[in-house]
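Chain and residue survey
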Amino acid sequence: MFTGIIEETGSISAILKNGNSIRLTVHANKILQDIKTGDSIAVNGICLTAAGFTASAFTADVMHETIARTSLSHLRHGSIVNLERAMSVNGRFGGHIVTGHVDGTGTIIKIESDAAARWYTVKTSPKIMRYIVEKGSIAMDGISLTVAKTDRDRFCVSVIPHTMGHTALASKAVHDIVNLENDYIGKYIEKFILDGNENSSNLTRELLVKYGY
């Protein structure tokens with residue numbers, strides 16, 4: 001479990017292909033301070049398991065299913081990535097609940113400056129947009145962000161200077177692919193309501209009101 005508050009950025013120092021899977025070597029600093037083999041580390045929002053580590057890097061094996069659902073295939077030697085260790089039970093919960101199980105990807109279609117902030121417009125699939133709401137949370141490359149605007153096939157986030165300075169967002173450009181994880185609470189609510197209403201095939205406003213949402 002993660003919070004979406006990025007601890008540091010790292011860089012890809014090696015990509016070793018093995019059939020349909022790959023082994024990533026990620027150069028890092030802070031997250032290596034207490035790392036153990038088997039630890040979960042979010043790399044651009046993707047929950048990976050540390051298979052090994054040195055004083056300056058860790059390795060993780062990535063299976064075909066993860067490659068197909070995320071932006072990992074776009075990584076290259078030297079790519080900058082967001083890194084977060086699994087949440088500590090005695091730490092502050094600064095973002096929102098992020099599982100590291102990416103729902104899909106989106107494409108940055110516009111980047112605009114607004115005084116100190118920077119606006120990102122991301123286009124994605126109806127499957128992802130279904131669970132994105134204005135003022136709700138979205139994990140983008142593992143970063144916990146608040147949705148400022150939504151449209152049929154896109155959403156916007158406004159990013160503060162601190163986030164820009166402490167994540168890999170500053171290196172992103174128009175047309176870049178980002179990993180997206182929806183707030184999972186909405187997905188559970190939908191499933192519970194629909195499972196309890198065998199005659200309902202669509203989640204409606206009336207149905208949500210009926211069950212107190």
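Residues numbered from 1 in each chain as written. Predicted model: local features only at pLDDT ≥ 70, side-chain atom pairs only at ≥ 80, totals over all residues. Heavy atoms only, no water.

Under an unreviewed UniProt entry, the protein has the name Riboflavin synthase and belongs to Robinsoniella peoriensis. Regarding the protein, the relevant UniProt record gives this comment under Subunit (unreviewed entry): "Homotrimer." UniProt lists a comment for the protein under the heading Pathway (unreviewed entry), and it reads "Cofactor biosynthesis; riboflavin biosynthesis; riboflavin from 2-hydroxy-3-oxobutyl phosphate and 5-amino-6-(D-ribitylamino)uracil: step 2/2." (UniProt positions renumbered as here; feature names shortened; annotations may be inferred.)

Glancing now at the domain arrangement of the protein. The domain architecture assigned to the protein consists of domain 1 (8-85) and domain 2 (104-197). Placing a centre on the C-alpha atoms of domain 1 and another on those of domain 2 gives a separation of 22 Å. The partner domain 2 presents 13 residues to the 12 residues of domain 1 that form the contact. In total, domain 1 and domain 2 occlude about 870 Å² of area from one another, counting both sides; carbon and sulfur atoms represent 45% of this. Considering only the surface of domain 1 that becomes buried against domain 2, Asn-44, Ser-71 and Asn-82 emerge as the three largest contributors, covering 45% of it. Across the contact surface, domain 1 and domain 2 share 0 salt bridges. (Domains from an automatic or database assignment. Contact = heavy atoms within 4.5 Å. Buried area = accessible area lost by both parts, 1.4 Å probe. Salt bridge = Lys/Arg side-chain N within 4 Å of Asp/Glu carboxyl O.)

What follows covers the packing of aromatic side chains. Under the definition given, this model contains 2 aromatic pairs. Between Tyr-184 and Tyr-188 the ring centres are 5.4 Å apart and the planes differ by 80°, which places this aromatic pair in the edge-to-face class. Linking Tyr-184 with Tyr-188, this pair stays in helix H4 (residues 184-195), spanning 4 residues, or about one helical turn. With a relative accessible area of 45%, Tyr-188 lands in the partly exposed category. In textbook terms, an aromatic cluster arises when at least three aromatic residues are bridged by ring pairs, as seen for Tyr-184, Tyr-188 and Phe-192. Sitting above the plane of the Trp-119 ring, Lys-149 keeps its charged end 5.0 Å from the centroid. (Phe/Tyr/Trp six-rings, centres within 6.5 Å; stacked < 30°, edge-to-face > 60°. Helix = DSSP H or I, 4+ residues; strand = E, 2+ residues; numbered from the N terminus. Buried < 20%, exposed > 50% of the residue type's maximum accessible area, 1.4 Å probe, protein only. Lys NZ or Arg CZ within 6 Å of the ring centre and 35° of its normal.)

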